[in-house]
Amino acid sequence: MSYPERIPRNRTYLMCPPEHYTVEYAINPWMDTTIAVDAALALKQWDLLRTTLDDLGHTIHVLEPVAGLPDMVYAANGAFSVDGRVYGARFKYPQRSAEAVAHQGFYRTAGWSLTIGEQVNEGEGDFAYLPEAYGGLVLAGYGFRTDPAAHAEAQEVLGRPVLSLHLVDPAFYHLDTALAALDDRHIAYYPGAFSPASQQVLAQLFPDAVLADRADAEAFGLNLVSDGRHVILNTEAVAMGDKVREAGYLPVHVELTELKRGGGSVKCAVAELRH
Ligand code: ARG
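This is a predicted model, so every value here is computed, not measured.

Engineer: It is not clear to me how the site of the ligand should be interpreted in this structure. Could you clarify?
Structural biologist: Lining the immediate surroundings of the ligand are 15 residues, of which Asn 28, Arg 96, Asp 176, Gly 262 and Cys 268 lie closest. At a separation of 3.0 Å, a nitrogen atom of the ligand approaches a polar side-chain atom of Asp 71. Contact distances for the ligand include 2.8 Å between a nitrogen atom and a backbone N or O atom of Gly 262.

Engineer: I keep staring at the sheet that holds strand 7 (residues 137-142) and nothing clicks. Help me out?
Structural biologist: Strand pairing within a sheet occurs via backbone hydrogen bonds; the two strands may be parallel or antiparallel. Pairing is mixed across the open sheet formed by three strands, whose spatial order is 6-7-8. Each edge of the open sheet carries a strand with a single partner, namely strand 6 (127-130) and strand 8 (162-166). Across the sheet, the mean angle from the axis of one strand to that of its neighbour is 25 degrees, orientation sign disregarded. Bridge analysis of strand 7 against strand 8 gives five bridges, and the strand direction is parallel. Among the inter-strand pairings, Val 138 is bridged to a residue of strand 8, identified as Val 162. Against the sheet, helix 4 (residues 196-205) contacts strand 7 and strand 8, and its axis sits at roughly 135 degrees relative to strand 8.

Engineer: Looking at this structure, how should I read the nonpolar core?
Structural biologist: Leu 139, Leu 179, Ile 187, Phe 194, Phe 206 and Met 240 are the most contacted members of the largest nonpolar core, which has 37 residues in total. Where this core is concerned, the elements lending two or more residues are strand 6, strand 7, strand 9 (179-181), strand 10 (187-189), helix 4, strand 13 (230-234) and helix 6 (238-246). Looking at this core, the element that brings in the most residues is strand 10, giving three residues. Not counting residues within four places of it along the chain, the set of residues in contact with Leu 179 comprises Ala 128, Leu 139, Leu 165, Ile 187, Ala 188, Tyr 189, Phe 194, Leu 202 and Leu 222. Counting residues in hydrophobic clusters, the runner-up holds 24 residues, among them Tyr 13, Ala 42, Leu 256 and Ala 269.

Criteria and cut-off values
- Sequence order sets the numbering: in each chain, residues are counted from 1 along the sequence as written.
- Local features in this predicted model are restricted to residues whose pLDDT is 70 or higher, and side-chain atom pairs enter the listing and the counts only when it is 80 or higher, whereas totals over whole chains, interfaces and linings include all residues.
- The basis for the side-chain values is all heavy atoms of the structure; hydrogens and waters are excluded.
- The rule for a residue being near a molecule or strand is that one of its heavy atoms must lie within 4 Å of it.
- We define a polar contact as two N or O atoms separated by no more than 3.5 Å, with the added condition that, inside protein, one atom must be a possible hydrogen donor and the other a possible acceptor, whereas residues neighbouring each other in sequence contribute only through side-chain atom pairs.
- Here, strands pair whenever DSSP counts at least two bridges between them.
- By the criteria applied, helices consist of DSSP H or I runs no shorter than four residues and strands consist of E runs no shorter than two, each listed in order from the N terminus.
- Angles here are taken between N-to-C directions and fall from 0 to 180 degrees, while the axes themselves are lines fitted to C-alpha atoms, restricted in helices to the stretch in contact.
- The contact definition used throughout considers only heavy atoms, calling two residues in contact when any of these lie within 4.5 Å.
- Within this scheme, the nonpolar core is defined by two criteria: the residues are buried Ala, Val, Leu, Ile, Met, Phe, Trp, Tyr or Cys, and they are joined through side-chain atoms within 4.5 Å.
- For every residue, the accessible area obtained with a 1.4 Å probe (protein chains only) is divided by the maximum for its type, and the residue is called buried under 20%, exposed over 50%, and partly exposed between those limits.

Here is the structure:
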């Protein structure tokens, strides 16, 4: 099958180095507090991800890491921005709640229009944006972290339709572990992470989606960052790389073994700033 050329678009991202990264509490099934994290390796791998995005021509802002916030490297969770408006996170677990404040500081200093969610929501962990699908559509997950009430709240803040999708498998507790935007209108997802009704909704709206299987999702193959052409995903997700290549994209693999131990990979470490 042949596809139109996949065109990249320059992006602006926010990342936070894993300087204080540890796995000292367990708030998702991937976290095992009995195995120590290799902190130096985590930093090295994170830096290679940053360099990879930089080499592709994207702009990266770096958020100052805060001691005592070991999950701050998962910068995707701090907020969700669409067309210059920012919907700020409110974390589900107290261990991460102070991260929201650090993100707020970043957006305020940079002059963004910020509204902090009153409802529990974990930013881009549970929200994805497709500017060219149906005139601009937000996909939103609930079931483990983000409260479904946050979806309506985000719609009011962002002025974009928000489509609620029900996550049902605890291994895929954030939307970005089960679904990814490949470009401005196309997605990849693992159907089994969603309720039967949500699967039906996704099949109806995205008949041309790249479908992942459970092994792809377990390899964090959906936790990817795409600029519309280059799809950055971790080295373990080989089969997923093949699937996006078959769909006309260029997979770029980076090693992120240490971040997986906290329950995240490429996408979790990168928040897109949409001006
Ligand atoms: N340990 C973090 C947590 O459980 C991982 C967050 C992963 N981030 C993401 N966007 N999926 O909250």
